[in-house]
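Survey of secondary and tertiary structure
If you want the building blocks of each chain, they are given just below.
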Amino acid sequence: MTSDNRPIGIFDSGLGGLTSVRALEKCLPDENIIYFGDTGRVPYGTRSNETIIQYSMDDLAFLLRRNVKAVLVACGTVSSIALPTLSEMTDIPIVGVVEPACRNACKDALTDNGGIAGNIAIFGTQATAKNGAYTALIKKTNPAFNVSTVACPMFVPLAENGYIEKGNLITVEIAKEYVEKLREFKPSSLILGCTHYPILRPNIEIACEKVLGYVPKITDAGECAARSVKDMLAEKGRLCIKREEEYPKFYVSDETRNFTNIASAFLGRSIRSVTRINITGQAQEIPGSIRNISFNDDTENKE
Ligand code: DGL
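In every chain, residue numbers begin from 1 and rise along the written sequence. This being a predicted model, a pLDDT of at least 70 is required before a residue's local features are given, and a value of 80 or more before pairs of side-chain atoms are given or counted; all residues contribute to the totals for chains, interfaces and linings. With hydrogens and water excluded, all non-hydrogen atoms of the structure serve as input to the side-chain values.

1. What about the overall build of the protein chain?
- Broken down by element type, the protein chain carries 12 helices and 11 strands.
- Both definitions apply: the radius of gyration is a C-alpha atom measure, and the globule rule equals 2.2 Å times residues to the power 0.38. Expected size for 303 residues packed as a compact globule is a radius of gyration near 19 Å; at 19 Å, the protein chain falls within 12% of this value.
- With the C-alpha coordinates of the protein chain rotated into their principal frame, the extents come out at 55 × 40 × 35 Å.
- Buried, partly exposed and exposed residues are distinguished by accessible area as a fraction of the type maximum, computed with a 1.4 Å probe on protein chains only: under 20%, between the cut-offs, and over 50%, respectively. Counting the 303 residues in the protein chain, one finds 56% classified as buried.
- Of the contacts formed within the protein chain by residues at least 6 apart in sequence, a portion of 79% connects residues at least 24 apart.
- With residues, only the protein chains shown are counted as cover, and all accessible areas are computed by Shrake-Rupley using a 1.4 Å probe. As displayed, the protein chain offers around 13100 Å² of accessible surface, 48% of which is attributable to carbon and sulfur atoms.
- Within this scheme the basic residues Lys and Arg register as positive and the acidic residues Asp and Glu register as negative, but His and the chain ends are omitted. Just so you know, the charge point we use is NZ for Lys, CZ for Arg, CG for Asp and CD for Glu. Counting 34 positive and 36 negative side-chain charges, the protein chain places the averaged centre of each group 3 Å from the other. Working definition: helices are DSSP H or I runs of at least four residues, strands are E runs of at least two. Numbering for both runs from the N terminus. Residues are treated as being in contact if the distance between any of their heavy atoms lies within 4.5 Å.

What follows is the structure, given as structure tokens:
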């Protein structure tokens, strides 16, 4: 059996992608993981497509400098808007969250759980809702499915600021407002299309129970993508045999203290150390294509 001990790169606009790190660590405990959270520029979901593409090119460039063997784009917004551009930047596999999530939700949509079979709802950021990548893929899979997308702009600030404990009154109230938009639609399946949302899942479920009277089958987009990375690496014979001591490594683009405080809730355990880096312009510093370029990396400021 062949193997590949290079790390897997994961990035997100902030903390949300840590829910995918958690899922990846669960299904691939021996892998070396490098995580980048763009905490200095979060949120992405309220920004223009041009800005989201530019930011995510920087994020990917940063990870490519660390000689990763694959990248998980643990951000629904970036996966919806920038995946084709990012895939153009390199030959290594780039996995987004949209496709694996849609595949799972299409399976779940036929479940009889109180909702209408074939009705799939998506919770996502404003940019994700506007872009419609989830909807397009579901419709392509099965044109008979109905899709309803709800933009949930308050969820990311709630998650990033720690309004996450089960039953949090503010979070449940806001979740109820979003679920209210699905009252008539009655989804059988609900995609949490932003990787920040799984941390709010217990409160989203409470809101569903209160407003809809049932909880649809929930798809965690980041978790599905982590399983996809596992399958892809296994198929290519590129799994890692043994994790090295210094991994996982965490990088952010702002204050490290804020990150470590809340990150443990996303990750389900504490983080030993995190490094702050300057992300702006990472993609521009590289002349032409970043394909097959080897990088030197001494630009970090440890905090
Ligand atoms: N976690 C991100 C997503 O999956 C983005 C949230 C944001 O930055 O707005 O969409």
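Having put the structure on the table, let's press on.
2. Observations regarding the site of the ligand
- Near the ligand lie 14 residues; those nearest to it are Ser13, Tyr44, Gly76, Thr77 and His196.
- Within the side chain of serine 13, a nitrogen or oxygen atom sits 2.6 Å from an oxygen atom of the ligand.
- Within the contact set of the ligand, an oxygen atom lies 2.5 Å away from a backbone nitrogen or oxygen of glycine 76.
- Protein burial of the ligand: of its 300 Å² of free accessible surface, 99% is covered by the chains. When at least one non-hydrogen atom of a residue lies within 4 Å of a molecule or strand, that residue is treated as near it. Whenever a nitrogen or oxygen atom comes within 3.5 Å of another N or O atom, the pair is scored as a polar contact, on the condition that within protein one atom can donate a hydrogen and the other can accept it, and that pairs from neighbouring residues in sequence are kept only if both atoms are in side chains.

3. Concerning empty space enclosed by the protein
- The rule is simple: put a 1 Å grid over the protein atoms alone, call a set of points where a 1.4 Å probe fits but cannot get out a cavity, call an open set with protein on both sides within 12 Å along at least five of seven lines a pocket, and count a residue as lining if it has an atom within 4 Å of a point. Grid points are joined across faces, edges and corners, and a volume is the space filled by probe spheres set on the points. A full pass over the atoms with the stated rule returns 1 cavity of 30 Å³ or more.
- Put simply, the largest cavity is a space of about 40 Å³.
- Only α6 (126-131) and α7 (133-141) provide two or more residues apiece to the lining of the largest cavity.

4. Section: helix α11 (residues 221-236)
- To estimate the expected span of a helix, count its residues, drop one, and scale the result by 1.5 Å. For α11, built from 16 residues, the straight-helix expectation of 22 Å at 1.5 Å per residue is met to within 8% by its first-to-last C-alpha distance of 23 Å.
- Those residues of α11 lying buried are Ala221, Gly222, Cys224, Ala225, Ala226, Ser228, Val229, Met232 and Leu233.
- N-capping of α11 is provided by aspartate 220, with a side-chain oxygen placed 3.1 Å from the backbone N of glycine 222.
- Positive phi appears at glycine 237, one or two residues downstream of α11, with a value of about 65°.

5. What about the packing of aromatic side chains?
- The criterion for an aromatic pair is that two Phe, Tyr or Trp rings (for Trp, the six-membered ring) have centres within 6.5 Å, with stacked assigned to planes under 30 degrees apart, edge-to-face to planes over 60 apart and tilted to the rest. Evaluated as defined, the whole model comprises 8 aromatic pairs.
- Chaining the aromatic ring pairs together yields one cluster made of Phe123, Phe155, Tyr178 and Tyr197.
- In this scheme, the term charge over a ring applies when either NZ of a lysine or CZ of an arginine sits within 6 Å of the ring centre and within 35 degrees of the ring normal. A cation over an aromatic ring shows up here: arginine 41 above the ring of tyrosine 55, its NZ or CZ 3.9 Å from the ring centre.
- Over the ring of tyrosine 251 we find arginine 66; its NZ or CZ atom is 5.4 Å from the centre of that ring.

Geometric descriptors of this kind do not, in isolation, establish any biological role.
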